[in-house]
Amino acid sequence: MGSSGCTFYALLLGTLIGLCTLNQCCGIGVETNLSAQLFVNASKVSARQIPQNLYGIFFEEINHAGAGGLWAELVSNRGFEAGGQNIPSNIDPWSKIGDDSSIVLSTDRSSCFDRNKIALQMEVLCDSQSPQICPTGGVGIYNPGFWGMNIEQGKKYKLALHVRSLTSVNISASLTDSTGSQTLASANILASDVSSWTKVEVLLEAKETNHNSRLQLTASQKGVIWFDQVSLMPLDTYKGHGFRNDLFKMVADMKPGFIRFPGGCFVEGEWLRNAFRWKETVGPWEERPGHFGDVWNYWTDDGLGHFEFFQLAEDLGAVPIWVFNNGISHQDEVDTSNILPFIQEILDGLEFAKGDANSTWGSVRAAMGHPEPFDLRYVAIGNEDCGKKYYRGNYLKFYNAIKLSYPDIKMISNCDGSSRKLDHPADMYDYHIYSDANNVFSRANAFDRSSRSGPKAFVSEYAVTGKDAGQGSLLASLAEAGFLIGIEKNSDIVEMASYAPLFVNVNDRRWNPDAIVFNSAQAYGTPSYWMQHFFKDSNGATLLNSTLQADSPASLIASAIIWKNMEDDKYYLRLKIVNFGSSTVNLKISVQGLELNSKSSSTSKKTVLTSTNLMDENSFAQPNKVAPVKLDLENADRNMDVALSPHSFTSVDLLTVSTIAPWIEGDDSFFRSSL
């Protein structure tokens, strides 16, 4: 489902044994404590390594996730192209400062950039002298950004713009509050000859903080000034790569093994003419035409483009997974007999990512500052297109062409192979699920009976949706946690999994719920965001055999792994247990075949995600209302009791005696009998 389900794609696996309403699953009263036993077998025979990149993220341009979000550009519609190529055109959200008697704004096609010809013409009718004197501060234009610019005291912002005029110019560039009455930073742009388009760069340093600011360009001199490609970027983006620091950190803290991009439905488009086309998003930012995403209904300048997505993956230390359009949108398709030009476009995109710096498209990447190839290993051929008329024909054409030119690339089909064999070659198949909490929780066993031969599963989009989810509830996160434990236990056939969508700007909620919520100045994680933190150390860890015996088995699920803590360079046993029921569960844990360091109880921890009410959510006012709480675990041992709170997700970390990874390096001492 495009990030987020363009259509509800969750496959019903027949009658789900044990499926019931939440109250039925947890139907014993809250006063009654239940009992359960978790047996962990750490013998080397039963241990299995989890894929290095099992858990990752899916980024789609939805909810203004990139434009006005992770991509730190503060100006909205910076090239005046959002109103279309016909003139006059709408310049929203740009607005004028001054009345009709002092200033006239219009658009024309005089830009010096061939791929985005629209420019803004500002005719100043007033002057500093009679008969028509400009108001104090002059007249001009302002841009509020994406629902207000976040300007912070002491920080610097780079203003870059292109200007042209037949006379000399004296332009005041300033950052102000939302009304223009309070100036936060300002600089003058003086130029005697800008008869040809001229790029001007100015550094603005804020003397005060305002989270709802705007950029102003004003003049008090009669004449005509043209503007184009106006950008305002904070200097303190992550590594100077253009990513908003706080949002980048929240993603990095998840330790994603991969990033799937740029969609989703965003890749398809409602119509092909509005689909994401990678060639339109590379090269200098001024030359990118931008496009209207007609699925999520907003304009993007495509500053966050093909190159930037690969850079983002590299900065996160995540493997990139490029989802490309295979000639199919929601409303129109390219006949397989006409698909060859689309295939060539994708081959060029692969050369951009993987080609030598001297190759045609590799040289474009090198010119953008990255001479070394990106580590692209996976591509997805389309998004949610399996049932479309020309998908299989187009898919095979893409598959064969890519396999011929890039045999190392692994390809992902849109067709679900979890319950039936695919009728076409693939390295992985895509699996999406959006549903209510009970159904998602019950899908923990969705892959139990899937074939262990053939393509592996890529669960690229999962989430609880609808009334169970709200805008990000505890209930949703618990169901998803149970589902992911099932994924972990089936990680011999499931290669990767990611939640969707990742981001939402509160001013443009196109989809609920989402993992990270933000505005121009703040951000918080939903319970589903925090739930994913419990799994971030599972990538590359060792899965142990574990068995649960419980009074209420339908509401409990658990897994056991051995993982390495990179902070102290030690190995831990981690037990993850979801109590989806409404009663406290007294869990007896028994670990066999593994030596634990019982003398270091201070390093053994219990982490719990729960809250007072199932539908509790986080907010800007209470960002950590539902967040993990970490506690020291007293009397930690291989045989111990742990109380599981009702409606909770608990992880228990126990320090082992090993200092190496024996299941990889062959040290059998780690698996000595602990009887």
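In this text the structure is predicted, and so the values were computed from the model without any measurement.

Reading guide: rules and limits
- The residue count restarts for each chain, going from 1 along the sequence in the order it is written.
- Local features are withheld for residues below a pLDDT of 70 in this predicted model, meaning they are given only at 70 or higher, and side-chain atom pairs are given and counted only at 80 or more; totals for whole chains, interfaces and linings count all residues.
- Calculation of side-chain values draws on the structure's entire complement of heavy atoms; hydrogens and water are dropped beforehand.
- Every helix listed is a DSSP run of H or I at least four residues long, and every strand listed is a run of E at least two residues long, numbered separately from the N terminus.
- For the radius of gyration, the atom set is restricted to C-alpha positions; the globular benchmark scales as 2.2 Å times the number of residues to the power 0.38.
- Throughout, a residue-residue contact means that at least one pair of heavy atoms, one from each residue, lies within 4.5 Å.
- Per-residue accessibility takes into account occlusion by the displayed protein chains alone, with areas from the Shrake-Rupley method and a 1.4 Å probe.
- In this tally, Asp and Glu contribute negative charge and Lys and Arg positive charge; neither His nor the terminal groups of the chain are included.
- Here the site of a charge means NZ on Lys, CZ on Arg, CG on Asp, or CD on Glu.
- Axes, fitted as lines to C-alpha atoms, cover a helix only where it is in contact. Angles between the N-to-C directions of the axes lie from 0 to 180 degrees.
- Angles below 35 degrees are treated as roughly parallel, those above 145 as roughly antiparallel, those between 65 and 115 as roughly perpendicular, and all remaining angles as oblique.
- Crossings are assigned a handedness: left-handed for a near helix turned anticlockwise from the far helix by less than a right angle, right-handed for a clockwise turn.
- For this scheme, ten residues count as nonpolar: Ala, Val, Leu, Ile, Met, Phe, Trp, Tyr, Cys and Pro. Four count as charged, namely Asp, Glu, Lys and Arg, and the remainder, Gly too, count as polar.
- Only buried residues count toward a nonpolar core, which is a set of Ala, Val, Leu, Ile, Met, Phe, Trp, Tyr and Cys residues joined through side-chain atoms within 4.5 Å.
- Residue exposure (1.4 Å probe, protein chains only): buried if accessible area is under 20% of the type maximum, exposed if over 50%, otherwise partly exposed.
- Throughout the structure description, domain borders are defined by an automatic or database domain assignment.
- Strand pairing is defined by DSSP finding a minimum of two bridges between the two strands.
- By definition, the buried area sums, over both parts, the 1.4 Å-probe accessible area that each loses when the two are put together.
- Salt bridges, as used here, are contacts in which a Lys or Arg side-chain nitrogen is within 4 Å of a carboxyl oxygen on Asp or Glu.
- Contacts described as polar in this section are N or O atom pairs within 3.5 Å, which, within protein, must combine one atom able to donate a hydrogen with one able to accept it, while residues neighboring in sequence count only if both atoms come from side chains.
- Two rings from Phe, Tyr or Trp (for Trp, the six-membered ring) form a pair when their centres are within 6.5 Å of each other. A pair whose planes differ by under 30 degrees is stacked, one over 60 is edge-to-face, and the rest are tilted.
- Remark: a charge is flagged as sitting over a ring if the NZ atom of Lys or the CZ atom of Arg is within 6 Å of the ring centre and within 35 degrees of the ring normal.

## As for the overall build of the protein chain
Each helix and strand counted, the protein chain has eleven helices and 34 strands in total. Taken over the C-alpha trace, the protein chain has a radius of gyration of 28 Å; the compact-globule value for 675 residues is 26 Å, and the two agree within 12%. Taken along its principal axes, the extent of the C-alpha atoms in the protein chain is 95 × 55 × 45 Å. Look at the contacts in the protein chain between residues 6 or more apart in sequence, and 76% of them connect residues 24 or more apart. Surface accessibility of the protein chain: about 26,000 Å² in total, with carbon and sulfur atoms responsible for 48%. Each charge sign in the protein chain was given a centre, from 56 positive and 75 negative side chains, and these centres are 4 Å apart.

## Some words on the packing of helix α2 (residues 245–252) against helix α4 (residues 306–316)
In contact at an axis separation of 10 Å, α2 and α4 are set at 60° when each is read in the N-to-C sense. Accordingly, the angle class assigned to the pair α2 and α4 is oblique. Relative to α4, the crossing made by α2 is right-handed. Contacts from F248, V251 and A252 in α2 reach L312, D315 and L316 in α4. For the contact of α2 with α4, a count of residues per class yields five nonpolar, no polar and one charged.

## Quick word on the nonpolar core
If you look at the biggest cluster of nonpolar residues, it comprises 121 residues, and the most contacted ones within it are I402, F447, F503 and F649. The element best represented in this core is helix α9 (residues 474–489), accounting for ten residues. Of the domains in this structure, domain 1 (34–51 + 542–655) and domain 2 (56–71 + 238–524) are the two that each give at least three residues to this core. Leave out the neighbours within four places in its chain, and F649 touches L478, A481, I485, M531, F534, F535, K576, I577, V578, T607, V608 and L609.

## Quick word on the sheet that holds strand β25 (residues 516–518)
Pairing within the open sheet is mixed, and its three strands lie in the order β24-β25-β26. Each edge of the sheet is formed by a strand with only one pairing partner; in this case those strands are β24 (503–505) and β26 (523–525). Averaged over all pairs of adjacent strands, the angle between their axes in this sheet comes to 20°, without regard to strand direction. In the sheet, β24 pairs with β25 via three bridges, with the strands oriented parallel. Bridging from a neighbouring strand, V504 pairs with V517 of β25. With respect to the sheet, α2 is in contact with β24, β25 and β26, its orientation differing from that of β26 by roughly 15°.

## Re the domain arrangement of the protein chain
In many reports, interface size means the accessible area that the parts give up when they come together. Looking at the assigned domains, one finds that the protein chain contains domain 1 (34–51 + 542–655), domain 2 (56–71 + 238–524) and domain 3 (95–233). The C-alpha-based centres of domain 2 and domain 3 are spaced at 37 Å. Counting residues at the interface gives 18 residues for domain 2, matched by 14 residues for domain 3. Buried area between domain 2 and domain 3, both sides added, is near 1,400 Å², and the carbon and sulfur share of it is 59%. Taken as a group, W285, E286 and S520 account for 40% of the area that domain 2 buries against domain 3, more than any other trio of residues on that side.

## Some remarks on the environment of G454
Along the polypeptide, G454 turns up in the loop between α8 (437–442) and β22 (456–464). Judged by relative accessible area, which is 56%, G454 ranks as exposed. Along the primary structure G454 and V364 are separated by 90 residues, whereas in three dimensions their C-alpha atoms are 37 Å apart.

## Focus: the pattern of salt bridges
Counted by the stated rule, this structure contains 32 salt bridges. Ionic contacts of the salt-bridge type, sharing partners, join the residues K158, K199, E201 and E286 into one network.

## A closer look at α4
Most of α4 sits out of view: ten of its eleven residues are buried. Three or more residues of α4 are buried, namely H306, F307, E308, F309, F310, Q311, L312, A313, D315 and L316. In the core, the buried residues of α4 are packed alongside β3 (57–58), α2, β15 (258–261), β18 (319–324), α5 (340–354) and α6 (362–367). Positive backbone phi, approximately 70°, marks G317, located one or two places after α4.

## Concerning unusual backbone geometry
I87 connects to P88 through a cis peptide bond whose omega is -5°. As for its position among the elements, P88 is in the loop between β3 and β4 (95–97). With an omega dihedral of -10°, the bond running from A500 to P501 counts as a cis peptide bond. Here P501 is to be found in the loop between β23 (494–499) and β24. Its identity is not glycine, yet W147 carries a phi of approximately 60°, on the positive side. Inspection of the secondary structure assignment puts W147 in the loop between β7 (139–143) and β8 (149–151).

## Regarding the sheet that holds strand β14 (residues 223–234)
What the five strands build is an open sheet, ordered β5-β6-β14-β9-β12; its pairing is antiparallel. Here the strands that pair on one side only, and so sit at the sheet edges, are β5 (103–108) and β12 (198–205). Strand-to-strand, the axes of this sheet are offset by a mean angle of 30°, without reference to chain direction. For β5 and strand β6 (residues 119–124), the ladder comprises six bridges, and the chain directions are antiparallel. Residue pairing in the sheet places L105 in a bridge with M122 of β6.

## Focus: the side chain of D294
Here D294 is to be found in the loop between β16 (291–293) and β17 (298–300). No salt bridge is formed by the buried D294; its nearest oppositely charged neighbour, R273, is found at 5.9 Å. Within the local environment of D294, its side chain forms a polar contact with the backbone nitrogen of W271, the two atoms lying 3.1 Å apart. Once residues lying within four places of it in the same chain are set aside, the contact partners of D294 are G269, E270, W271 and N274.

## Here we look at the packing of aromatic side chains
In this structure the tally under the stated criterion is 32 aromatic pairs. Relative to F248, the ring of F243 lies with its centre 6.3 Å away and its plane at 15°, an arrangement referred to as stacked. Residue F243 is classed as buried on the basis of its relative accessible area, which comes to 0%. What makes F248 buried here is its relative accessible area of 4%. On the numbers, 5.5 Å between centres and 25° between planes, the contact of W563 with Y572 is stacked. Looking at R260, its charged tip hangs above the ring of F58, at a distance of 4.3 Å from the centre.

## Concerning the packing of α5 against helix α7 (residues 391–405)
When two helices pack together, their arrangement is given by the angle between the helix axes and by the axis-to-axis distance. Their axes nearest at 10 Å, the elements α5 and α7 cross at an angle of 35°. Judged by the twist between their axes, the crossing of α5 over α7 is right-handed. Here F342, I343, I346, L347 and L350 of α5 come into contact with α7, specifically with K397, F398, A401, I402 and S405.

## So, the pairing of strand β27 (residues 542–550)
Relative to β27, strand β1 (residues 34–41) runs antiparallel, the two sharing six bridges. Across the sheet, N41 pairs through a bridge with N545, a residue of β27. Pairing of strand β2 (residues 48–49) with β27 involves two bridges; the strand directions are antiparallel. For R48, the partnering residue across the bridge sits in β27 and is L543. Connecting the antiparallel pair β27 and strand β28 (residues 556–565) is a turn made up of five residues.

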